[in-house]
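Secondary and tertiary structure notes
Take a look at the letters that make up each chain.
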Amino acid sequence: MKRQPKASRQTKPSRKIQDVLREQNISGQNLGECPVRQVLDQIGDKWSTLMLLALSEKAYRFGELRRLIPDISQRMLTQTLRDLQRNGLITRTVFPTQPPSVEYRLTPLGHSLLEPVGALVRWAETHYGRIVAPRGHFDRKADAA
């Protein structure tokens, strides 16, 4: 009886990824134009998800967000809010007060993102220990080498 070769790890993209790229008419050389990647680049950065989760509670003024997330710089907070606004996930309302006050709130599109982001947050909380333990092992091994 002839032995079947062991299944090797898949070295090429899955069929689904290839189908998505083909549907979007994107070659493997130009993934920067991939719509999925563009969206994930925005919401997957260090601060955007945190902003979306904060704004899911209520509308916030700039200063309130700054106090809510004290380790974000003013420049990064401004840039993150602009990017979220640019992508239609939040609105920015300026009130005619002296000095002007600005309020940020989720748009319907931003609200539609809360369920998948919430699922990702729950997954991260559930599996955090299973990620950190191998990371520590890897780092110790790398340091010893």
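Below: a short report on this structure.

**Examining helix 3 (residues 48–57)**
- Buried within helix 3 we find Ser48, Met51, Leu52, Ala54 and Leu55. Looking down the long axis of helix 3, one finds its buried residues gathered within 165° of arc, a one-sided arrangement.

**Examining the sheet that holds strand 1 (residues 60–61)**
- The strand order across the open sheet built from three strands is 1-3-2, with neighbouring strands paired in antiparallel fashion. Looking at the sheet topology across the chains shown, the edges are occupied by strand 1 and strand 2 (90–95).
- Sheet contacts for helix 3: strand 1, strand 2 and strand 3 (101–106); angle to strand 3, the most-contacted strand, approximately 95°.

**Considerations on the pattern of salt bridges**
- All chains considered together, the criterion is met by two salt bridges.
- Among the salt bridges present, the one from glutamate 64 reaches lysine 58, with a minimum N-O distance of 3.9 Å.
- For glutamate 64, a relative accessible area of 24% corresponds to the partly exposed category.
- Notably, a salt bridge pairs arginine 105 with glutamate 103, separated by 3.0 Å at the nearest N-O pair.

**Considerations on the layout of surface pockets**
- Estimates place the volume of the largest pocket at around 200 Å³.
- Considering every element that reaches the lining of the largest pocket, the biggest residue donor is helix 2 (residues 35–43), with four residues.
- Here the lining of the largest pocket is composed, by residue class, of five nonpolar, three polar and one charged.

The rules we used
- Residues numbered from 1 in each chain as written.
- Predicted model: local features only at pLDDT ≥ 70, side-chain atom pairs only at ≥ 80, totals over all residues.
- Heavy atoms only, no water.
- Buried < 20%, exposed > 50% of the residue type's maximum accessible area, 1.4 Å probe, protein only.
- Helix = DSSP H or I, 4+ residues; strand = E, 2+ residues; numbered from the N terminus.
- Arc of directions from axis to C-beta.
- Pairing = 2+ DSSP bridges.
- Contact = heavy atoms within 4.5 Å.
- Axes fitted to C-alpha atoms, helices over the stretch in contact; angles between N-to-C directions.
- Salt bridge = Lys/Arg side-chain N within 4 Å of Asp/Glu carboxyl O.
- 1 Å grid on protein atoms, 1.4 Å probe; cavity = no way out; pocket = protein on both sides within 12 Å on 5 of 7 lines; lining within 4 Å.
- Points joined across faces, edges and corners; volume = space filled by probe spheres on them.
- Nonpolar A, V, L, I, M, F, W, Y, C, P; charged D, E, K, R; others polar.

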